[in-house]
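# A structural walkthrough
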Amino acid sequence: MEAYEATPPMVECENLVKIYKTKDIEVLALQGLEVRIDKGELMAIIGNSGSGKSTFLNMIGGLDRPSAGHLIVDGKNLFKLSDRELVDYKRRTVGFVWQNNARNLVPYLTAWQNVQMPMLFDKGAKKKQRALELLEMVGLAHKKNSRLAQLSGGEQQRIAVAIALSNRPKLLLADEPTGNLDHQNGLEVMSLLKRSVEEFCLTLIV
């Protein structure tokens, strides 16, 4: 009987450690984390404030370098990526949705322009069309010319999902995406994130 290799995971970490150092203090933000997240999986990470959830997402997203351990994302060893390779990784592999809407959207740009932002350095002339399709997907094509101040919190977060999807990432990271929303808007955003996983064959970590 022919043997088949198991599909490699999207995220694999062993004994992952993150230490923040200043001149006078050293803080252990994450110690000995071990986890495997398969491609297409939806994983929720739950823990107390200060337990290292955001630190973990930042390391997976290439925003922060691990201090020790083993971290592979989509076959890439994040310990060994050069600064240039890390920029390319962040552009092509990961999409982020933040809790704070001000981190997701540029306030003086319209919704349509915001969704185009991650595609600025891509070749081709279909950025505007893709941005419009994503706004339609999140149900806000009619708000394409609205700026941050003209959108409700729920609308801003739905546009943030569109922005995160614009570069066709393989991995979507959502750091407390419903933390500033009421119950109904929170349910809508979570439903949208789940639908994105199915439609675009993503891995989602919340």
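Our subject is the structure that appears above.
Only a predicted model underlies this, so the values are computations on that prediction, with no experimental measurement involved. (Residues numbered from 1 in each chain as written. Predicted model: local features only at pLDDT ≥ 70, side-chain atom pairs only at ≥ 80, totals over all residues. Heavy atoms only, no water.)

This part is about helix α7 (residues 183-200). Quick reminder: α-helices carry 3.6 residues per turn. Residues three or four places apart thus point the same way. The terminal C-alpha atoms of α7 lie 26 Å apart, and with 18 residues this matches the ideal 26 Å at 1.5 Å per residue to within 8%. Buried residues belonging to α7 abut α5 (127-137), α6 (153-165), β7 (171-174) and β8 (203-205). Measuring from the backbone nitrogen of Gln184 back to the side-chain oxygen at the start of α7 gives 3.3 Å, which picks out Asp182 as the cap. In the stretch just after α7, Cys201 is the one whose phi turns positive, near 55°. (Helix = DSSP H or I, 4+ residues; strand = E, 2+ residues; numbered from the N terminus. Expected span 1.5 Å × (residues − 1). Contact = heavy atoms within 4.5 Å. Polar contact = N/O pair within 3.5 Å; in protein donor to acceptor, adjacent residues only side chain to side chain.)

Right, let's get into the sheet that holds strand β6 (residues 94-97). Here we have 4 strands laid out as an open sheet, ordered β3-β8-β7-β6, and parallel in their pairing. Taken across any chain shown, the strands that pair with only one partner, and hence form the sheet edges, are β3 (42-43) and β6. Pairing between β7 and β8: 3 bridges, direction parallel. Opposite Leu173, over in β8, you have Ile205 as the bridge partner. Here α6 sits on the sheet in contact with β6 and β7, set at roughly 170° to β6. (Pairing = 2+ DSSP bridges. Axes fitted to C-alpha atoms, helices over the stretch in contact; angles between N-to-C directions.)

On to the environment of Lys53. Structurally, the position occupied by Lys53 is in helix α1 (residues 53-60). Note on Lys53: relative accessible area 18%, which makes it buried. A C-alpha to C-alpha distance of 14 Å links Lys53 and Ile19, two positions 34 residues apart in sequence. Contacts of Lys53, omitting those with residues within four sequence positions, involve Ile45, Ile46, Gly47, Asn48 and Glu176. (Buried < 20%, exposed > 50% of the residue type's maximum accessible area, 1.4 Å probe, protein only.)

Together, Tyr20, Ile25 and Val27 line one region of the surface with nonpolar side chains, adding up to about 250 Å² of accessible area. Positionally, Val27 belongs in strand β2 (residues 26-37). (Patch = residues over 30% accessible without salt bridge, like charges linked within 9 Å, V, L, I, M, F, W, Y side chains within 5 Å. Areas by Shrake-Rupley, 256 points an atom, 1.4 Å probe, with all protein chains shown as cover. Salt bridge = Lys/Arg side-chain N within 4 Å of Asp/Glu carboxyl O.)

Consider a sheet: its strands pair through backbone hydrogen bonds, and that pairing is either parallel or antiparallel. The strand order β2-β1-β4-β5 describes an open sheet built from 4 strands, whose pairing is antiparallel. One side of each edge strand has no neighbouring strand; the edge strands of this open sheet are β2 and β5 (76-77). The pairing of strand β4 (residues 68-73) with β5 spans 2 bridges and is antiparallel. Its bridge partner being in β5, Val73 is matched across the sheet by Lys76. Packing against the sheet, α1 makes contact with β1 (11-21), β2 and β4, and its axis sits at approximately 115° to β1.

The next point concerns the pairing of β1. Here β1 pairs with β2 via 8 bridges, running antiparallel. Following the sheet pairing, Tyr20 is matched in β2 by Val27. Linking two consecutive strands that pair antiparallel, namely β1 and β2, is a turn of 4 residues. In terms of strand pairing, β1 meets β4 through 5 bridges, oriented antiparallel. The partner of Cys13 across the bridge, within β4, is Leu71.

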